[in-house]
Amino acid sequence: DAGITQSPRHKVTETGTPVTLRCHQTENHRYMYWYRQDPGHGLRLIHYSYGVKDTDKGEVSDGYSVSRSKTEDFLLTLESATSSQTSVYFCAISALLQKSSYNEQFFGPGTRLTVL
Amino acid sequence: GESVGLHLPTLSVQEGDNSIINCAYSNSASDYFIWYKQESGKGPQFIIDIRSNMDKRQGQRVTVLLNKTVKHLSLQIAATQPGDSAVYFCAENRGAGKSTFGDGTTLTVKP
């Protein structure tokens, strides 16, 4: 398994509170991504990073911000959590242009976030 | 807008049979597609990918077929095993590694 960890793995919080999720990789991959997955649906891209301090928005970025100060860490922050942000959040990494695959992504184990 | 969809949300097969999971996409400019497997409580796991300049690609017990004319791809699993039970997603790559996922097909393998 690719060396990706997410913390916390589970979190319950209240509406209006700030929340930060952490993704940590040991693969030294350049690209990192945050997705959310809602019941019965596929993953939707929130934000992604193509290098230290280089980030961009995905398709569902409203209400989320990210930071990447080191290659190995990618943080996702909910400035003021809302119930609609209750979801499972997955981090992914990619080296891109790997010899064996055009664009293989490796996913972390996920963080289950509940906003009451 | 762009979308990636699967034809059936669930599929049930007998152990040992072949499984076929279908996916349709809308963006004719898409040039790379990926199939993922997601087991309960885990993140998606890469199975196989295919570029738009290919019609077919084979892996171990899996084959992906791409029909660009009708914007359709399929995942075939040979001799399906209980360990293949999971949710399967097709995803379209949109550059820089960003993927657009379909909603998934839940495959159940009956012993």
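Residues numbered from 1 in each chain as written. Chains lettered and ligands numbered in written order. Predicted model: local features only at pLDDT ≥ 70, side-chain atom pairs only at ≥ 80, totals over all residues. Heavy atoms only, no water.

Participant: Teacher, can you tell me more about the overall build of chain A here?
Facilitator: A tally of helices and strands in chain A yields zero helices and 11 strands. Each helix (α) and strand (β) of chain A, taken in turn from the N terminus, gives the series β-β-β-β-β-β-β-β-β-β-β. Taken over the C-alpha trace, chain A has a radius of gyration of 14 Å; the compact-globule value for 116 residues is 13 Å, and the two agree within 12%. Seen through its C-alpha atoms, chain A measures out along the principal axes to roughly 45 × 30 × 25 Å. (Helix = DSSP H or I, 4+ residues; strand = E, 2+ residues; numbered from the N terminus. Rg over C-alpha atoms; globule rule 2.2 N^0.38 Å.)

Participant: Would you take a moment to explain the interface of chain B and chain A for this structure?
Facilitator: One widely used convention gives an interface's size as the accessible area the parts lose upon coming together. Listed per partner, the contact involves 23 residues of chain B and 23 residues of chain A. Across the chain B to chain A interface the summed buried area is about 1700 Å²; carbon plus sulfur atoms make up 51%. For the interface between chain B and chain A, the tally reads zero salt bridges. Inspection of the region where chain B meets chain A yields six residue pairs in polar contact (both at pLDDT 80 or more). At the level of secondary structure, the elements contributing two or more residues to the side of chain B that touches chain A comprise strand E4 (32-38), strand E5 (45-51), strand E9 (86-93) and strand E10 (99-101) of chain B. The element that contributes the greatest number of residues to the side of chain B that touches chain A is E4 of chain B, accounting for four residues. Broken down by class, the residue content of the side of chain B that touches chain A amounts to eight nonpolar, seven polar and eight charged. (Contact = heavy atoms within 4.5 Å. Buried area = accessible area lost by both parts, 1.4 Å probe. Salt bridge = Lys/Arg side-chain N within 4 Å of Asp/Glu carboxyl O. Polar contact = N/O pair within 3.5 Å; in protein donor to acceptor, adjacent residues only side chain to side chain. Nonpolar A, V, L, I, M, F, W, Y, C, P; charged D, E, K, R; others polar.)

Participant: Please clarify how the environment of Leu-76 of chain A should be interpreted in this entry.
Facilitator: All names here are of chain A. Here Leu-76 is to be found in strand E8 (residues 73-78). Among the residues examined, Leu-76 registers a relative accessible area of 0% and is labelled buried. Contact partners of Leu-76, with chain neighbours within four places excluded, come to Val-19, Thr-20, Leu-21, Trp-34, Ile-46, Tyr-64, Ser-65, Val-66 and Tyr-89. (Buried < 20%, exposed > 50% of the residue type's maximum accessible area, 1.4 Å probe, protein only.)

Participant: I keep staring at the state of the cysteines and nothing clicks. Help me out?
Facilitator: Linking two cysteines covalently via their sulfur atoms produces the bond known as a disulfide. All names here are of chain A. According to the stated counting rule, one finds two disulfides over all chains in the structure shown. Each disulfide pairs two cysteine sulfurs, and for Cys-23 the partner residue is Cys-91, the sulfurs being separated by 1.9 Å. Across the S-S bond of Cys-23 and Cys-91 the torsion is about -70°, and the bridge reads as left-handed. One end of the pair, Cys-23, is in strand E3 (residues 19-25); the other, Cys-91, is in strand E9 (residues 87-94), and 68 residues separate them in sequence. The exposure class assigned to Cys-23 is buried, which follows from its relative accessible area of 0%. A relative accessible area of 0% places Cys-91 in the buried class. (Disulfide = S-S within 2.5 Å.)

Participant: Help me out: how do you make sense of the sheet that holds strand E1 (residues 4-7) of chain A in this one?
Facilitator: Paired through backbone hydrogen bonds, the strands of a sheet run either parallel or antiparallel to each other. All names here are of chain A. Here we have four strands laid out as an open sheet, ordered E1-E3-E8-E7, and antiparallel in their pairing. Pairing within the sheet leaves two strands with one partner each, and these edge strands are E1 and strand E7 (64-70). The sheet shows a mean angle of 20° between the axes of neighbouring strands, taken without regard to direction. Pairing between E7 and E8: five bridges, direction antiparallel. (Pairing = 2+ DSSP bridges. Axes fitted to C-alpha atoms, helices over the stretch in contact; angles between N-to-C directions.)

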